[in-house]
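Residue-level listing of the chains:
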Amino acid sequence: MRKGFNGLCGLVRSQMSGDPTDGKVYIFINRRRDKMKILVWESSGFILYYKRLEVGTFEWPKHSVESNKIVINWETLVLMFQGIKLTKIQRKKRYKKYLKPM
């Protein structure tokens, strides 16, 4: 967790094959899962959020071990950040607009 803006941008490019300026949110968690960094591109530069837990760990969503990246939605990120257990979440049915194929 020693990397700053440039180091994290390098990880996004080399390890995730991504572009750090694409507007996506990139999340980094240490091995002990008690520290989290979030890298976000805003219109004029990067924002780096950093959170260190004094007690407990962040819960990471289930994913394949081979993959070095996973895609999560905003709600899951907020729940992770707040320390809510992801396996016990029960989502209510909500409207979702689908685009018709042409």
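Summary of the structure given here. Small disclaimer: the values here were computed from a predicted structure and weren't measured. Sequence order as written defines the numbering, with residues in each chain counted from 1. A pLDDT threshold of at least 70 governs which residues receive local features in this predicted model, and a stricter bar of 80 or more applies before side-chain atom pairs are shown or counted, although totals over entire chains, interfaces and linings include all residues. To get the side-chain values, take all heavy atoms of the structure and skip hydrogens and water.

Remark: nonpolar core denotes a set of buried residues (Ala, Val, Leu, Ile, Met, Phe, Trp, Tyr, Cys) joined through side-chain atoms within 4.5 Å. Exposed residues in this analysis have more than 50% of their type's maximum accessible area, buried residues have under 20%, and partly exposed residues fall in between, with area computed by a 1.4 Å probe over protein chains only. Grouped together as the largest cluster of nonpolar side chains are 10 residues: I27, M36, I38, V40, L53, F58, L77, L79, M80 and L86. Runs of E in the DSSP output that reach at least two residues are strands. Runs of H or I that reach at least four are helices, and both are numbered from the N terminus. Looking at this core, the elements that each hand over two or more residues are β2 (35-42) and α2 (74-82). Look past the residues within four positions of M80 in its chain and what remains in contact with it is I29, M36, F58, E59, W60, P61, I72 and L86. Core analysis: the second largest hydrophobic core is formed by seven residues, M16, Y26, F28 and L39 among them. By the convention used here, residues are in contact when the closest approach between their heavy atoms is within 4.5 Å.

The term salt bridge refers to a side-chain nitrogen of Lys or Arg lying within 4 Å of a carboxyl oxygen of Asp or Glu. Evaluation of the coordinates by the stated rule reveals two salt bridges. Of the charged contacts in the structure, one is a salt bridge between R32 and D34, with a shortest N-O distance of 2.8 Å. Accessibility expressed as a relative area gives 58% for R32, which makes it exposed. In this structure, the salt-bridge partner of R52 is E54, at a minimum N-O distance of 2.7 Å.

All right, on to the environment of V12 then. Relative to the elements of secondary structure, V12 occurs in helix α1 (residues 5-15). For V12, a relative accessible area of 0% gives the class buried. Separated by 20 residues in sequence, V12 and R32 place their C-alpha atoms 21 Å apart. Setting aside anything within four residues of it in sequence, one finds V12 in contact with S17, G18, D19, P20, Y26, F28 and L39.

Criterion used throughout: strands pair if DSSP finds at least two bridges between them. Bridge analysis of β2 against strand β3 (residues 45-52) gives eight bridges, and the strand direction is antiparallel. For L39, the partnering residue across the bridge sits in β3 and is L48. As consecutive antiparallel partners, β2 and β3 are separated by two residues.

Spatial strand order, β1-β2-β3: three strands in an open sheet with antiparallel pairing. On the outer flanks of this sheet lie β1 (25-29) and β3, each paired with one strand and no other. Shown here is a sheet whose adjacent strand axes are inclined to one another by a mean of 15 degrees, direction ignored. One ladder, built from five bridges, connects β1 with β2; its direction is antiparallel. Looking at the pairing, V25 lines up with V40 of β2. Of the strands in this sheet, β1, β2 and β3 are in contact with α2, which crosses β2 at around 145 degrees. Every axis in this analysis is a line fitted to C-alpha atoms, fitted for helices over the stretch in contact. Angles between the N-to-C directions lie between 0 and 180 degrees.

Functional significance is not addressed by these values, which are geometric in nature.
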